[in-house]
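# Structural overview for review
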Amino acid sequence: MWGKRDGFVVHDRAPFNAEPSRSALAEGAITAIDTFYSRNHGPVPDIERREWRLVVTGLVGQDLTLTFDELTSRFIPRSVVATLQCAGNRRAGLAEVREIPGEDPWGPCATSTAEWRGVRLCDVLDAAGAHTGDDLHVAFTAPDVSSLADPPQPYGSSIPAAKARSDEVLLAWEMNSAPLPRVHGGPVRVVVPGYIGARSVKWVTGITVQPRPSDNYFQATAYRILPPDADPDTAGPGDGISLSSVALNCDILEPDDGATVSAGPLTVRGYAFAGDDRGVARVDVSLDGGRTWCQADLEPEQSPWSWRLWSLCATVAGPVTITARAWDTTGAMQPESAAALWNPKGYANNSWARVHLHAN
Ligand SMILES: Nc1nc2c(c(=O)[nH]1)N[C@H]1C(S)=C(S)[C@@H](COP(=O)(O)O)O[C@H]1N2
Ligand SMILES: [Mo]
């Protein structure tokens, strides 16, 4: 479906929600388009490039409407390698602690990395004479109507103006040098590197500069960390903690959880990602449940907005649990247990990664 390779884990067909297998995601630091996870809250729109329009409004000098040709020719294009990570990535680990009804049990592969090409959002804001001020917000709207929202509404979100004006935030029409596929937001999507995937609005058609965050359901009510005793069905706008930058995270991609491998040397591989203005500084791997640790080799940083793949050669025998944890450039480290992080919507599980295998 949607051009994804065999072996995809499809959580829902409509709306389409699917992640690659661990081994597929491990194939490269840039994720192939047929391997990139996809997260949708409604039907995938079908918009021709020549019909697409972008309207920039709100606190601007003058409303600005751009066609696809105008967007791509009036501003200087640039490319950014950036990782997208869904706030629901690794939710399955939280659901093991306590059930999370109504949300997909994403494994560790609701994250992928691409080279995005587009124009800087700040250049388009400037062309509209957008007001500046770090207390403002830039809201995005899209045409896909989600019946999962309460009440049903088109998808939308917002980011603070300071982030919106940062160089890395793009209006992108290419992914890995190919036209942006429909399922990933073609003709044009927002890419907000370092923030949860939910802010990278696909099929963007509206940008509004405003004094407050978006009141869209997916900004005001969903994608917020509620306290463990809250009822997510009665939570309303503004409840809980709004998610923005991605929490420091890592997981193991090879070997797969539950794998049987030959006893002896084994290469363990995975990813680590630190959101927004932090980087991955170190990844530790333990074969004894966290009593002792070895440092993994980090692949070179592709961009400040990208994950880092890591690997470690270990020697294994019998039943083994491999544990991994990352440290970021501020000296922060992932929390040990998913139990401590459990929240009713199952967001932002960044507890230590574990896979169990048998080596014989
Ligand atoms: N218009 C629109 N944009 C959207 C979504 C959506 O459902 N509709 N899902 C968001 C979420 S939660 C994520 S994680 C990313 C997923 O992007 P992808 O499908 O390209 O991987 O898109 C974001 N942008
Ligand atoms: Mo997401």
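Predicted model only: the values in this text are computed from it and were never measured. (Residues numbered from 1 in each chain as written. Chains lettered and ligands numbered in written order. Predicted model: local features only at pLDDT ≥ 70, side-chain atom pairs only at ≥ 80, totals over all residues. Heavy atoms only, no water.)

## Notes on the sheet that holds strand 1 (residues 9–12)
Taken in spatial order, the 3 strands line up as 1-2-3 in an open sheet, and their pairing is antiparallel. Edge strands, defined here as strands with exactly one partner in the open sheet, are strand 1 and strand 3 (38–39). In terms of strand pairing, strand 1 meets strand 2 (residues 17–19) through 3 bridges, oriented antiparallel. Note that in strand 2 the partner of V9 across the bridge is E19. (Pairing = 2+ DSSP bridges. Helix = DSSP H or I, 4+ residues; strand = E, 2+ residues; numbered from the N terminus.)

## Some thoughts on the pattern of salt bridges
Summed over the entire model, instances satisfying the criterion amount to 18 salt bridges. Across the pair R278 and D328 runs a salt bridge whose closest N-O atoms are separated by 3.2 Å. Remark: D328 occurs in strand 23 (residues 318–328) and R278 occurs in the loop between strand 18 (264–273) and strand 19 (280–286); sequence separation between them is 50 residues. The closest approach of N and O atoms between R291 and D288, which form a salt bridge, is 3.9 Å. On the basis of relative accessibility, which here comes to 30%, the residue D288 falls in the partly exposed class. Bridged by salt links that share partners, the residues R22, R90, D251 and D256 form one connected network. (Salt bridge = Lys/Arg side-chain N within 4 Å of Asp/Glu carboxyl O. Buried < 20%, exposed > 50% of the residue type's maximum accessible area, 1.4 Å probe, protein only.)

## Overview of the UniProt feature "domain: Moybdenum cofactor oxidoreductase dimerisation" (unreviewed entry) in the chain
Per the UniProt record, the feature "domain: Moybdenum cofactor oxidoreductase dimerisation" (unreviewed entry) sits at residues 247–359. Along residues 247–359 the backbone is 0% helical and 50% strand, and the end-to-end C-alpha distance reaches 32 Å. (UniProt positions renumbered as here; feature names shortened; annotations may be inferred.)

## Remarks on the site of ligand 1
Around ligand 1, the surrounding shell holds 20 residues, and the nearest of these are H41, D144, H184, R189 and K202. Within the side chain of R189, an N or O atom sits 2.7 Å from an oxygen atom of ligand 1. For ligand 1, an oxygen atom lies 2.6 Å from a polar atom in the side chain of K202. Breaking the shell around ligand 1 down by element, the ones donating at least two residues are strand 3 and strand 8 (137–146). In terms of residue class, the shell around ligand 1 is built from 10 nonpolar, 6 polar and 4 charged. (Near = heavy atom within 4 Å. Polar contact = N/O pair within 3.5 Å; in protein donor to acceptor, adjacent residues only side chain to side chain. Nonpolar A, V, L, I, M, F, W, Y, C, P; charged D, E, K, R; others polar.)

## As for the domain arrangement of the chain
Examined at the domain level, the chain breaks down into domain 1 (9–242) and domain 2 (249–359). Centre-to-centre, using C-alpha coordinates, domain 1 lies 26 Å away from domain 2. Surface buried jointly by domain 1 and domain 2 totals about 3,400 Å² across both partners, of which 59% is contributed by carbon and sulfur atoms. Summed over the three residues of domain 1 that lose the most area to domain 2, namely R22, R90 and L94, the buried surface amounts to 24% of that side. Between the two partners, domain 1 and domain 2, sit 5 salt bridges. The salt bridge partner of D251 is R22, with a shortest N-O separation of 3.3 Å. Here domain 1 and domain 2 share 25 residue pairs in polar contact (both at pLDDT 80 or more) between them. Elements with a minimum of two residues in the side of domain 1 that touches domain 2: helix 1 (22–25), strand 6 (78–85), helix 3 (91–95), strand 7 (111–120) and strand 14 (224–225). (Domains from an automatic or database assignment. Buried area = accessible area lost by both parts, 1.4 Å probe.)

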